[in-house]
Amino acid sequence: MVLPAHDQGLSTAQAAERLAEDGPNALPGDTRRTLLGIARETLREPMFLLLLAAGALYLVLGDLHEGLILFGLVMVVLALTLYQEGKTERAIEALRELSSPRALVLRDGQPLRIAGSEVVRGDILLLAEGDRIPADARLIEGTEVQVDESLLTGEPVPVSKVAGVTAAQNEAPRPGGDAQAYLFSGTLLVKGHGSARVTATGARSEIGRIGTALESLSSEPSPLKKQTARLVKVLALIALVASLFLIAAFGLMRGDWLGALLAGIALAMALLPQEFTVVLTVIPALGAWRLSKQNVLTRRIAAIETLGATSVLCVDKTGTLTENRMTVTELYVALADRGENLPVDYDATSELPEIFHALVEFSILASVVDPFDPMEKAFHRLGTHFLQDTEHLHHDWTLVQEYGLTPELRAMSHVWQAQQDQQHVVAAKGAPEAIVDLCHLDAAAQARIAQAVDAMASQGLRVLGVAQARFTGEQWPAIEHDFEFEFIGLLGLADPLRAEIPAAMAECRSASIRVVMITGDYPATASAIAHQAQLNTSLSAGDPVLTGDALAAMSELELRTRMQTVSVCARIAPEQKLRIVQALKANGAVVAMTGDGVNDAPALKAAHVGVAMGGRGTDVAREAASLVLLDDNFASIVRAVRLGRRIFDNLRKSMSYILAVHVPIAGMALLPVLLGWPTVLFPLHIAFLELVIDPACSMVFENEPAEANVMQRPPRDVNTPLFAGMTLLLALLQGLGALAVVMGATVWGTDQLTEGAARAFAFATLVCTNLALIFSNRSRAGSLWASLWVPNRTLWIVVGAALALMSLALYLPWLARLFVFEPLPLPYLAAALGLGLASMLWFEAVKLGQRLKSRA
């Protein structure tokens, strides 16, 4: 992080004033759905058009009460839809706010991370590698700053930026210019770090003038939506053909063509499964909102489909399995022909033996002055504790040159100008093998250091080496190898395992989810952490750690074979993660992958579910990922998988219910007409049933808790359709069973009651079987009795409201007349409730058989 000298940035008051003056830093075209827009979309749905047509037809026939009631029901169903869609839109809006790019700015002299939309003109941005630049700005200070401006220019080659270099007078700054100070909103810092002052935001930025609107949540149709769209088209075609057939049959058989039209409308309403689209919007969107409460942000709603099917979790070690709270716990210095170790005890003493002072001194010199990295913070904390009043802390030295980490050399060096000294001091730190390579040690010294590294790493410590050199002159070497480095020693850092990790690993094992740890750390350290985490309790010679060097030497086929068994990958370079993901996918696994760096983006994009780190991750990693882990905790990923399985289960339950409930409604709209019976269901009756179906299929099932065995079963096959095969067959059988019960009630009522009372009895039975189908679909395996004790407040609200409205329709005289009912004797009402319960007994027997078979 580079803090600009002598500049405190804007004050909070100044920033608020400019935000009010310029507006939020948002791009044009970023529209939101309003309630009026949702209402307009809803009224164009076929179901509502049919309701309006039926209401208009009643008015034409002179039946004012019936027509007005139908229009009133349209308003009630519209209100329910607006509530559901509004809740969904608010959830998506909250996700948009969370997933908008963040920015690190200097406010009141202190670094502050804010939403990108809150950046204002004059703010000072603190930029690091991997950041998405939130607004147009001018570089104030920077080190090796390179920016990918392909979003604006189409040119894939990054351009360098130099602080203080501006465009010629009267020449507007343009993207694509090399060696200039101008940075542009939406572009990506691919190398270096620096600070910049914001010059334009929102529509006044370069990308705003172009008029590009970037969407944070993808809107492409998911495989599930495509599959359901096909099903809806088939059912809509069936509804059209069946309705036309019924109109013709009714008209020809009875000569009543207006009645035939009403019957046809009723059948079309009964057959149209418009709830499928509601469910596919509401449940995933509210599921994404629930995931955000579990510290997992959904950037692409379609990823929820895949999350529950994940069979392999590829995770980082540092910060994901561990707390990312580094502490130096052991030191090692290399002496003439031996080495000496020292366990670090911060509580026991505030002094270190003199021979360890240089090791601590140069570890700090090789780190940034104001560190963000937990390891470098640990080195500074070590120096502050033990070297506070010594000559080994150099606050007055000037950093004159930096050498960063590269894939070829996993080490970094700082060149310092000491006060009143012509020589420059060079400090290097990095992977032990890289530091040994820089120092050109003999075989005996290398063996001693390797032994010390193995001893530290076997305790689960992260080990770094430190070296020093001197240099005279201003012509810096092109590479670090040209310095004459001298090896100083090693530091072992402990990063405690998160307390919840072993339990999360056990949950993954019970859910048949394989966990693969991928780390850049030393193999022995990775193995020790894996053992503590109980990642693989059988790490043995038959299943050794896969190292980056070994991976580089493998062919794709060899890597695929190797990845079938390996659980720990160590010393892995970021670009090698992509090969690991591709090998796992080639083996048929559904892969979720975590990552935080710029180089992790290809692997995140290649994985079925990319999971970026929200705390320490870069913007480019977050943009490539489907999910963002807000607390960087592995246990949150496991909770997300559990919730993903719950969401998928609830989608399947809801869609089974929708199909099942439409069978008896459609059957009762069609069969009585074909059999020459009096009409049982009019459009008003079906509109009433919609009042139960709409909230039941979305709100009730969305609120359904996860089943007890949700993490005790293997991942589902991602290629298996949500709604096909046995699931589809059982839904149809449930519906046919309910239809048989309602038809039986109709026959019984016709023999015992008047026509109006028989219609009321059939309707009451249909409502009760509808409610029974809700209870029956709450659990795919558990018993009805057990499900009654599973809390779901929305369920009881819907059931209570349905029974209350049904009672009003049956016994409120003016309403009963509109429904063409006559008073229903109370014993028959009790019989309707009993028949509703009986309609699901056969399905409970099927579930009992499945449970007995599972136990056997």
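Bear in mind the structure is a predicted one, so any value in this text is a computation, not a measurement. (Residues numbered from 1 in each chain as written. Predicted model: local features only at pLDDT ≥ 70, side-chain atom pairs only at ≥ 80, totals over all residues. Heavy atoms only, no water.)

A. Layout of the sheet that holds strand S11 (residues 339-343). Sheet architecture is open: 7 strands sit in the order S11-S10-S16-S15-S14-S13-S12, paired in antiparallel fashion. The sheet is open, and its two borders are formed by S11 and strand S12 (398-403), each paired with just one other strand. The mean angle between the axes of side-by-side strands here comes to 25 degrees, regardless of whether they run parallel or antiparallel. In terms of strand pairing, S12 meets strand S13 (residues 411-417) through 5 bridges, oriented antiparallel. (Pairing = 2+ DSSP bridges. Helix = DSSP H or I, 4+ residues; strand = E, 2+ residues; numbered from the N terminus. Axes fitted to C-alpha atoms, helices over the stretch in contact; angles between N-to-C directions.)

B. Highlighting helix H13 (residues 432-439). Within H13, 6 of the 8 residues are buried, leaving the element largely enclosed by the surrounding structure. Buried residues of H13: Pro432, Ala434, Ile435, Val436, Leu438 and Cys439, and no others. Residues of H13 that are buried sit in contact with S13, strand S14 (423-430), helix H14 (443-457), strand S15 (462-472) and strand S16 (486-494). Positioned one or two residues after H13, His440 has a phi angle of 50 degrees, which is positive. (Buried < 20%, exposed > 50% of the residue type's maximum accessible area, 1.4 Å probe, protein only. Contact = heavy atoms within 4.5 Å.)

C. Local environment of the environment of Ile355. Tracing the sequence through the fold places Ile355 in the loop between S11 and helix H11 (357-365). Put simply, Ile355 and Val333 are 22 residues apart on the chain and 7.5 Å apart in space, counted from C-alpha to C-alpha. Once residues within four sequence positions are removed from consideration, Ile355 is found in contact with Val333 and Glu340.

D. Representation of the nonpolar core. If you look at the biggest cluster of nonpolar residues, it comprises 126 residues, and the most contacted ones within it are Leu313, Phe634, Tyr657, Ile665 and Leu824. Element by element, the count of residues in this core is highest for helix H22 (residues 634-674), at 21 residues. If sequence neighbours within four positions are ignored, Ile665 has contacts with Ala270, Leu681, Ile686, Leu689, Ile693 and Leu766. Core analysis: the second largest hydrophobic core is formed by 31 residues, Val333, Leu365, Met375 and Trp397 among them. (Core = buried A, V, L, I, M, F, W, Y, C linked by side-chain atoms within 4.5 Å.)

E. Up close: the confidence of the model for the protein chain. Taken as a whole, the protein chain shows an average pLDDT of 81; of its residues, 84% reach a score of 70 or greater. Scored below 50 in pLDDT, residues 212-220 shows 18 contacts in the model against residues more than four places distant or in partner chains. Overall, residues 537-542 carries pLDDT values under 50, and its contacts beyond four positions in sequence, including any with other chains, amount to 3 contacts. (pLDDT = per-residue confidence, 0-100.)

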